[in-house]
Amino acid sequence: MTAASAPAYVDVAVELPVRGTYRYRAPGDAARAWVGTRVLVPLGSRAVTGVVVATADEAPPGVAEVRAVEAIVDPEPQLSEELVALCLWVAEYYEAPPGEVFRVALPAGTRVTASSSIELTEAGRLALAGAGHGALTRGARAILGRLEGAGGAARRKDVLQAPAKAGDLTALVSAGLVAFSRDAPRARVRARTERVAVLAPGAEEQNRDALAARAPARAKVLEALAERGGEAPLAALRKAHPRAADHARALEGEGWLAIEERPADPDPFRGGADGMSAPAKAPELTEPQRRAVDALVAAIARAEFEAFLLHGITGSGKTEVYLHAIARAMEADLSAVVLVPEISLTPQLAARFRARFGDRVAVLHSALTERQRYDEWHRLRSGAARIALGARSAVFAPVRDLGVIIVDEEHDASFKQEEGVRYSARDVALVRAKRAGAACVLGSATPSLESAHSAERGRLRVLPLPARASGASLPNVELVDLRTFKPAAGSMLTAPLSEAVTAALSRGEQVILFLNRRGFATFVVCGRCGHAFRCDNCSVSLTYHQWRDRLLCHYCGHGERLSDTCPGCGGAGTILRRGFGTEQIAEATAASFPAARVARLDRDVATGAKIARVLSRVARREVDILVGTQMVTKGHDFSGVTLVGVLCADTALSLPDFRASERTYQLLTQVAGRAGRGERPGRVIVQTYQSDVPAIAAAASHDYDGFCRQELAARRELGYPPFGHLVALRVDGRDATDVEATARELARAARRLRGAAAEPEVLGPAEAPLSRLKGRTRWQLWMRASERKALRALLRRLVAEDRSGTARVTIDVDPVSTL
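Residues numbered from 1 in each chain as written. Predicted model: local features only at pLDDT ≥ 70, side-chain atom pairs only at ≥ 80, totals over all residues. Heavy atoms only, no water.

Where helix α1 (residues 81–93) meets helix α14 (residues 425–436), the axes come as close as 11 Å, and the angle between the chain directions of the two elements is 140°. With respect to each other, α1 and α14 are oriented oblique. Helix-helix and strand crossings are classified by hand; for α1 and α14 the assignment is right-handed. Along the contact surface, α1 presents Glu82, Leu83, Ala85, Leu86, Trp89 and Val90, while α14 presents Val428, Val431, Arg432 and Arg435. Counted by class, the contact of α1 with α14 contains seven nonpolar, no polar and three charged residues. (Axes fitted to C-alpha atoms, helices over the stretch in contact; angles between N-to-C directions. Helix = DSSP H or I, 4+ residues; strand = E, 2+ residues; numbered from the N terminus. Parallel < 35°, antiparallel > 145°, perpendicular 65-115°, else oblique. Left-handed = near helix turned anticlockwise from the far one by under 90°. Contact = heavy atoms within 4.5 Å. Nonpolar A, V, L, I, M, F, W, Y, C, P; charged D, E, K, R; others polar.)

Once that is clear, we can look at the environment of Arg792. One can find Arg792 in helix α23 (residues 788–800). We classify Arg792 as buried; its relative accessible area is 16%. Between the C-alpha atom of Arg792 and that of Leu726, which follows or precedes it by 66 residues, the distance is 9.9 Å. Within the structure, the side chain of Arg792 is placed 3.0 Å from the backbone oxygen of Tyr93, a separation counted as a polar contact. (Buried < 20%, exposed > 50% of the residue type's maximum accessible area, 1.4 Å probe, protein only. Polar contact = N/O pair within 3.5 Å; in protein donor to acceptor, adjacent residues only side chain to side chain.)

Right, let's talk about empty space enclosed by the protein for a bit. For the structure shown, the criterion picks out four cavities of 30 Å³ or more. By volume, the largest cavity is sized at about 50 Å³. Looking at the largest cavity, the residues that line it are His725, Leu726, Val727, Arg788, Leu791, Arg792, Leu795, Val813 and Asp814. Put simply, the parts of the chain that give the lining of the largest cavity at least two residues each are β32 (725–733) and α23. When residues in the lining of the largest cavity are grouped by element, the largest group, four residues, is from α23. The class makeup of the residues in the lining of the largest cavity is five nonpolar, one polar and three charged. (1 Å grid on protein atoms, 1.4 Å probe; cavity = no way out; pocket = protein on both sides within 12 Å on 5 of 7 lines; lining within 4 Å. Points joined across faces, edges and corners; volume = space filled by probe spheres on them.)

The next point concerns unusual backbone geometry. In this chain, Ala162 is followed by Pro163 through a cis amide linkage whose omega measures 10°. Its location among the elements puts Pro163 in the loop between α5 (156–159) and α6 (166–174). With an omega of 15°, the peptide bond running from Gly764 to Pro765 counts as cis. Along the chain, the position of Pro765 falls in strand β33 (residues 761–773). With a phi close to 50°, Asp401 is a non-glycine residue in the positive phi region.

Here the focus is the sheet that holds strand β22 (residues 510–514). Taken in spatial order, the six strands of this open sheet run β21-β31-β30-β22-β29-β28, and their pairing is parallel. Looking at which strands have only one partner, the edges of the open sheet turn out to be β21 (476–481) and β28 (598–601). Taking the axes of each pair of neighbouring strands and ignoring which way they run, one obtains an average angle of 20° across the sheet. In terms of strand pairing, β22 meets strand β29 (residues 625–628) through four bridges, oriented parallel. (Pairing = 2+ DSSP bridges.)

Membership of the largest hydrophobic core comes to 73 residues, with the highest contact counts inside it found for Val90, Leu339, Phe396, Tyr423, Val428 and Met783. Per-element accounting of this core gives the leading share, eight residues, to α1. Excluding residues within four positions of it along the chain, Val90 makes contact with Glu95, Val101, Phe396, Val421, Tyr423 and Val428. With 40 residues, the next largest nonpolar core counts Val477, Val614, Leu667 and Val684 among its residues. (Core = buried A, V, L, I, M, F, W, Y, C linked by side-chain atoms within 4.5 Å.)

Time to look at α1. The terminal C-alpha atoms of α1, which comprises 13 residues, lie 18 Å apart, in line with the 18 Å expected from a rise of 1.5 Å per residue. For α1, the full list of buried residues reads Leu83, Val84, Leu86, Cys87, Trp89, Val90, Ala91 and Tyr93. In this fold, the buried residues of α1 make contact with β4 (46–56), α2 (98–105), α14, α23 and β35 (808–813). (Expected span 1.5 Å × (residues − 1).)

Okay, here's the thing in structure tokens:
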């Protein structure tokens, strides 16, 4: 369907949590591009907004009357056909309502709302005047009277007051005495515009002397406009005269110029990184970097999809490879999308991109206001910016002529959305690049096992960066056994770590203390032998629930009593239930090192702009010891940090998650990589109860390949990804009994629908590890299969069945969190 012909019907994905699309009658005079346009459409008794996803020439079969589109919200499509198709793929793959996916793809604040009002018709006015007045109920007369008193129109809530009732209003509508009308749709944030003065044709040749003699101020404004090439925003002309806008309007009336409303170009550097410097000149590439850049440039030049795994150790210069590849894409007039786990945590990265590419970079992240995010999104859509740098949702950035998508730290779990539309930005990036014929680069020092397996099968081309770009060595990692060296009660520092901190501070160096904590459940371990409690059925850690005094598996529901005697070594009274947090540790550290400047970096104290301020202080050497959680592992480059202390490496291992070992290895490797990135060598001290666990031992020896081989073998044996596929059904609600009943009903139905087939395997139901959140009880059911097709078929049959109860059921395809 071209813009030159008007379709009879349009298919609309409404912005509500409903599956599928609805067909509406298109306005007869609307010959325009439709796909990607937002419209206001009737749904039931209300009007909702939606996105047109297709056009059609026929009404749906069996439908007598097709309702019409009420309003066209945007003058032109907000999403390209490529992005519309991508959103529909996301909806299908992740079993999500398509309208909800479009809400993710569009910037916050642009959602359109339209309110309804009730209007008095001419027949209603006659009824009030006496014609047929006696047949009306007391409530109906009250409604008509209130409408007349309000000038003929009012809100529903204003007219439905005693004695009026909803039935009275319905009767009046049926009788044609009142009618519903909708206000014009509006959004909280709209495109920023500015008034621009444009010199009229022939104005240069006109005699300005008479104008200067008659109105010298106007002549001065006109001269300033001519000096600017004949076009300038009215705000810029104020330098010529403070009342330039008034004079410009007068000049427009005399035919000297025209004033046009145009999209404004917002300040692209709003909210820049304070104190985070970045060199604008590109450093000399190492030989491995050059080989990687050459491979990426060749792929971009071919304009064909190819996926790469840029596997570079910490400090190997992956960002510089990204920058060179993007520069070549820009030379070819192509665009780029760069995804990072949390852009608000990496202001250095934003600064480096802006230093290299200037205002061609648009930064998208949650720390910006709605207006700022919309401005950046609009710059990308208009083509004013060609590089989108942001977190998860930037994968939907409206860039034109996509040349390359980069997913930095591709292993990071934050690329998977955990609420709403539960999509993986990394996987969507691969799909978008394939559809666009672009290159896709997954970069990491610790690639996910899924990516490593894809590389083994030839789906990803590996580009290795085996050495640090600066020539420095990886830091030396030392393991401190917590069974031998008892930590201080408050700071969790053992004697070896405390001595190392003292030595680093005496040399004027900086220290990072990392608490590998994702906390809701107590960490349980034997203080003598380091025994960890695991489920024999699922090969994941058991979680201790204090209120039930039991260890539970959050996959299959297995539970057992926590004994005071260790099953590993037989020790009595050696079972430790440990719980600690960054606030306690930061206070104790400050007390132990009173001369040191101690700062915290965690979600409790740092959000949005506060994060950048903390990181800026560290970069300016205004912090001696930084205490933090996973936020300190996110790609920061601080040349003054020489010592990293991991306070307890075991906590992630105790999470009820088959990925616990992989995440422990990744976190330890990433945080260790913060040490020794400057001229002085780095040192890492890892405190642990389980120094012989493969994840910890491999991280200490920088042995990714050995860890990967061992962990993949374990995954293959158990059928976990990447050798199997998972779907989680999460059930939550305020009524605990109803939630449990719904979860059990789903499990019974899943097993019944599967029949005698061995797959998909149904695990659970069981209480979620976070059994209550925000007043809602949580249960979950897992399904596992070696083939995705069988898993999806069972899932769709299960979801289509009628269910009792009021509990909410959420589908999580390819889940990364068990919580």
